[in-house]
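Examination of the molecular architecture
Each chain, letter by letter, is given below.
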Amino acid sequence: MISSKYIETKAHECADLKPIMLKLVRAFQEKFSSRLCAQIKAKFYSKEVACLNTVTTATEVLEETINEYEKDKQTK
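Read on for an overview of the structure. Quick caveat, the model's predicted, so the values are computed rather than measured.

Taking 1.5 Å of rise per residue, 16 residues should cover 22 Å, and helix 2 (residues 17–32) covers 22 Å from first to last C-alpha, within 8% of that figure. Buried within helix 2 are the following residues: Leu17, Ile20, Leu24 and Phe32. Across the axial projection of helix 2, the buried residues extend over an arc of 80 degrees, all falling on one side. Structural note: helix 2 exposes Lys18, Arg26 and Glu30 on the side pointing more than 90 degrees away from its buried face. Next to the buried residues of helix 2 lie helix 1 (2–6), helix 3 (37–44) and helix 4 (52–75).

This brings us to the packing of aromatic side chains. Under the definition given, this model contains three aromatic pairs. Measuring from ring centre to ring centre gives 5.8 Å for tyrosine 6 and tyrosine 69, while their planes differ by 90 degrees; the resulting arrangement is edge-to-face. One end of the pair, tyrosine 6, is in helix 1; the other, tyrosine 69, is in helix 4, and 63 residues separate them in sequence. For the pair formed by tyrosine 6 and tyrosine 69, the shared burial category is buried. When the centroid spacing of 4.4 Å and the interplanar angle of 40 degrees are considered together, the rings of phenylalanine 28 and phenylalanine 32 count as tilted. Taken as a pair, phenylalanine 28 and phenylalanine 32 lie in helix 2 at a separation of four residues, close to a single helical turn. Over the face of the ring belonging to tyrosine 45 we find lysine 41, whose NZ or CZ atom lies 4.8 Å from the ring centre.

About the thresholds
Residues numbered from 1 in each chain as written. Predicted model: local features only at pLDDT ≥ 70, side-chain atom pairs only at ≥ 80, totals over all residues. Heavy atoms only, no water. Helix = DSSP H or I, 4+ residues; strand = E, 2+ residues; numbered from the N terminus. Expected span 1.5 Å × (residues − 1). Buried < 20%, exposed > 50% of the residue type's maximum accessible area, 1.4 Å probe, protein only. Arc of directions from axis to C-beta. Contact = heavy atoms within 4.5 Å. Phe/Tyr/Trp six-rings, centres within 6.5 Å; stacked < 30°, edge-to-face > 60°. Lys NZ or Arg CZ within 6 Å of the ring centre and 35° of its normal.

The following block contains the structure:
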């Protein structure tokens, strides 16, 4: 999602990539209290829906991060 939205040719030439990825990793870490699958799975996995809760929450974190980043860009 991020690459298709912000990278036109090469990732190394994209000024937006590093700041938004840092924001995303920090937001993900804050939401899940970890970036490690084993730790996240222990808290969010269920036999009924497998990893759906994690994927849904991660999608929300991604959407919030992109919206916040876009809002910050507009105010600068």
